[in-house]
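Structure at a glance
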Amino acid sequence: MNRQRLQPPNDARRAAGFTLIELLVVLVILGLLAGVAGPRVLGYVTKAKSDTAALQIEELGAVLDLYFLDFGQYPTTSEGLTVLAENASNDARWNGPYLKKPVVPDDPWGRPYVYRSPGEHGDYDLYTLGADNAEGGEGDNRDVVSWQ
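The structure presented is a predicted model; accordingly, all values stated were derived computationally and were not measured.

Some points on the side chain of S50
- Following the sequence through the fold, S50 ends up in helix α3 (residues 20–71).
- Residue S50 is classed as buried on the basis of its relative accessible area of 3%.

Here's the deal with a nonpolar patch on the surface
- On the surface, a nonpolar cluster with roughly 880 Å² of combined accessible area is contributed by L20, I21, L24, V25, V26, L27, I29, L30 and L33.
- For L30, the position within the fold is in helix α3.

A word on the pattern of salt bridges
- By the definition in use, this model includes four salt bridges.
- Two residues, R116 and E120, come together in a salt bridge whose shortest N-O distance is 3.9 Å.
- You can call R116 partly exposed: its relative accessible area is 24%.
- Among the residues examined, E120 registers a relative accessible area of 65% and is labelled exposed.
- Through salt bridges with shared partners, a single ionic network connects R116, E120 and D125.

Quick look at the environment of Q56
- For Q56, the location among the structural elements is in helix α3.
- Spatially, the C-alpha atoms of Q56 and D106 are 9.1 Å apart, while their sequence positions differ by 50 residues.

A look at unusual backbone geometry
- Cis geometry is found at the peptide bond from G96 to P97, where omega equals 5°.
- Looking at where P97 falls in the secondary structure, it is placed in the loop between α3 and β1 (114–116).
- Residue P118 is bonded to the preceding S117 through a cis peptide linkage, with omega at 5°.
- As for its position among the elements, P118 is in the loop between β1 and β2 (125–128).

Considerations on the sheet that holds β1
- If you walk across this open sheet you meet the three strands as β1-β2-β3, and the pairing is antiparallel. Edge positions in the sheet fall to β1 and β3 (144–145), since each of these pairs with one other strand and no more.
- As paired strands, β2 and β3 are joined by two bridges and run antiparallel to one another. From the neighbouring strand, Y127 faces β3, where its bridge partner is V145.

Notes on the pairing of β2
- Going residue by residue along β2, you find D125 and Y127 tucked away on one face and L126 and T128 tucked away on the opposite face as well.
- The pairing of β1 with β2 spans three bridges and is classified as antiparallel. If you follow Y115 over to β2, its bridge partner there is L126.

Scoring rules and cut-offs
- Residues numbered from 1 in each chain as written.
- Predicted model: local features only at pLDDT ≥ 70, side-chain atom pairs only at ≥ 80, totals over all residues.
- Heavy atoms only, no water.
- Helix = DSSP H or I, 4+ residues; strand = E, 2+ residues; numbered from the N terminus.
- Buried < 20%, exposed > 50% of the residue type's maximum accessible area, 1.4 Å probe, protein only.
- Patch = residues over 30% accessible without salt bridge, like charges linked within 9 Å, V, L, I, M, F, W, Y side chains within 5 Å.
- Areas by Shrake-Rupley, 256 points an atom, 1.4 Å probe, with all protein chains shown as cover.
- Salt bridge = Lys/Arg side-chain N within 4 Å of Asp/Glu carboxyl O.
- Pairing = 2+ DSSP bridges.

Following this line, the structure appears as structure tokens:
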């Protein structure tokens, strides 16, 4: 009779936790979900970076147009985009800073945007070469440009 009191009944022992098989089944299901959902989530993240670059280029284009209204010309290639944030030459016509923040943003991959004025495709060319930092490419590696 003492032995029965020391050991819980069989039903109580089974309800106390998960079996190894149950844990393995859950891990397999989680692995399958990660295998299916993971690539889709990564696809959204990479598309978001290209979309962010396009929006930043569009915003910088609008800011360049404000600069043009004040000076009658776009910044030269040597002046670059930094003239949008600071008046290094102390020009009285400078009505900035033209950017909301006092720094020119980098592209989503951490590199400065490429700016040329006069440009080959218009008054100025403003672009980033994408994740691979090389001309051309598709997906996350595609160039994001101001002239298209």
